[in-house]
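Okay, here's what each chain looks like letter by letter:
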Amino acid sequence: MSLLRQGLSLVWEAPQTALGAAMLGAEAARKRIVQIEVEDGRLVVESKGTGISLGHVVFWSRENSRWHDLDVRNRAHELGQYYEGYPENWADRLGGVIREKEQA
C-alpha cells in the first residue's frame, strides 16, 4: 500500500478508531475483555459477547449475544471486514468463514 493510500486510510478510519478506543475503555471497565492481540497493525480484542470492527480496533467473541450466535468464526469474520472495507457476506468469504447454511 502506498504512503498516500496509508495516510488516507488513517484519516478515513480515524473516527471509527476513536470509537473503537472508547469502546475498548468501556469493555475494560466492565471487565469484558478476555485477551488483546496485535495483528496487521490492528488491536484484536477478544471480548465477552461483542463482535464489531471499528477502525484499527477489532472486537470478536466466542460467546453468543442476544442478537447473534457467535463462535471462533466471528474473529475471522471481523478481520475480513478490513480487506478493502467489504460488507458482511464478503467479510465471511475473505476471512475464510463457512456458515452452516453454506455447507448444505
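Residues numbered from 1 in each chain as written. Predicted model: local features only at pLDDT ≥ 70, side-chain atom pairs only at ≥ 80, totals over all residues. Heavy atoms only, no water.

Caption draft 1: Examining the confidence of the model for the protein more closely. Mean pLDDT for the protein: 79, with 73% of residues reaching 70 or above. Across the protein, the secondary-structure element scoring lowest on mean pLDDT is helix 4 (residues 100-103), at 58, and the one scoring highest is strand 1 (residues 33-39), at 94. (pLDDT = per-residue confidence, 0-100. Helix = DSSP H or I, 4+ residues; strand = E, 2+ residues; numbered from the N terminus.)

Caption draft 2: Representation of the pairing of strand 1. Across 6 bridges, strand 1 lies against strand 2 (residues 42-47) in antiparallel orientation. Bridge pairing in strand 2 places Ile36 opposite Val45. What sits between strand 1 and strand 2 in their antiparallel hairpin is a turn of 2 residues, with Asp40 showing a positive phi close to 50 degrees. (Pairing = 2+ DSSP bridges.)

Caption draft 3: Expanded view of the side chain of Arg32. Mapped onto the secondary structure, Arg32 falls in the loop between helix 1 (3-29) and strand 1. For Arg32, the side chain forms a polar contact with the main-chain oxygen of Lys48, separated by 2.3 Å. Excluding residues that lie within four positions of it along the chain, Arg32 makes contacts with Glu27, Glu46, Ser47, Lys48, Gly49 and Thr50. (Polar contact = N/O pair within 3.5 Å; in protein donor to acceptor, adjacent residues only side chain to side chain. Contact = heavy atoms within 4.5 Å.)

Caption draft 4: Just the environment of Gln35, in detail. Structurally, Gln35 is set in strand 1. Judged by relative accessible area, which is 39%, Gln35 ranks as partly exposed. Along the backbone, Gln35 and Glu46 are 11 residues apart, and their C-alpha atoms lie at a distance of 5.1 Å. Ignoring sequence-local partners within four residues, the contact set of Gln35 consists of Val44, Val45 and Glu46. Separated by 3.4 Å, the side chains of Gln35 and Glu37 make a polar contact. (Buried < 20%, exposed > 50% of the residue type's maximum accessible area, 1.4 Å probe, protein only.)

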